[in-house]
Amino acid sequence: MILGDNIAIQLVRAWDVDEIADLYRAGGWWKEEYDPEELPSLIRGSFLFAVAVDLKTGRAVGMGRVISDGVSDGYIQDLVVLPENREAGIGTQILSTLVKKSVESGISWIGLIAEPGTENFYLPFGFHPMKGYTPLIFRSDE
């Protein structure tokens, strides 16, 4: 999918690890002790991995992925756009692509955890708060 004349959304099985690490940094999810050489396995291990590509430079300016069993359930993860490219509809196109391709693949339950203050971004896509549920995270360091 091409957004305007400058950005294309591509589903990929591999991408430049430095560009993906930069996107994780932009999302605030990268710790410097992480090994970028593990990113190819992360991309390949995702059910879907979408990259927003600046067609003029060939560089990734956004990404998102779905982790899934490939049968019924999927989770959208790591949706991020570089700060200088936000507010241009790129995140919307990444999310639309991930949802559409998941549904086409038979994934009937798609969840995500939205960062506080971003909930309204997801509502037009059919996402709803899960009342009565609390997201939890395992921490091995406690």
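First things first, this report covers the structure right here in the doc. Keep in mind the model is a prediction, meaning the values are calculated, not measured.

### Some details on the packing of aromatic side chains
- Enumeration over the complete set of coordinates arrives at seven aromatic pairs.
- Consider the rings of F121 and Y122, whose centres lie 5.0 Å apart with planes at 85°: the pair is edge-to-face.
- On the accessibility criterion, F121 (30% relative accessible area) is partly exposed.
- Look at F121 and F125: their rings are 5.7 Å apart centre to centre, the planes differ by 50°, and that puts the pair in the tilted class.
- Owing to a relative accessible area of 25%, F125 belongs among the partly exposed residues under this scheme.
- Aromatic ring contacts, followed pair by pair, group Y24, W29, W30 and Y34 into a single cluster.

### Let's talk about the pairing of strand β3 (residues 48-54)
- Counting buried positions over the seven residues of β3 gives seven, a clear majority of the element.
- The alternating pattern of β3 places L48, A50, A52 and D54 on one face and F49, V51 and V53 on the opposite face, and all of these are buried.
- Where strand β2 (residues 7-11) and β3 come together, five bridges link them in antiparallel fashion. Note that in β3 the partner of I7 across the bridge is D54.
- The turn joining β3 and strand β4 (residues 60-68), which pair antiparallel and follow one another in sequence, is formed by five residues; a positive phi near 80° is taken by G58.

### Considering helix α3 (residues 90-104)
- Compared with the 21 Å implied by 1.5 Å per residue over 15 residues, the 21 Å span of α3 between its first and last C-alpha is a close match.
- For α3, the complete set of buried residues consists of I90, G91, Q93, I94, L95, T97, L98, V99 and S102.

### Comments concerning unusual backbone geometry
- For D78, which is not glycine, the phi dihedral falls at a positive 60°.
- Although it is not a glycine, E87 sits at a positive phi angle of roughly 70°.
- Note on placement: E87 falls in the loop between β5 (73-81) and α3.

Quick notes on the rules
- Residues numbered from 1 in each chain as written.
- Predicted model: local features only at pLDDT ≥ 70, side-chain atom pairs only at ≥ 80, totals over all residues.
- Heavy atoms only, no water.
- Phe/Tyr/Trp six-rings, centres within 6.5 Å; stacked < 30°, edge-to-face > 60°.
- Buried < 20%, exposed > 50% of the residue type's maximum accessible area, 1.4 Å probe, protein only.
- Helix = DSSP H or I, 4+ residues; strand = E, 2+ residues; numbered from the N terminus.
- Pairing = 2+ DSSP bridges.
- Expected span 1.5 Å × (residues − 1).

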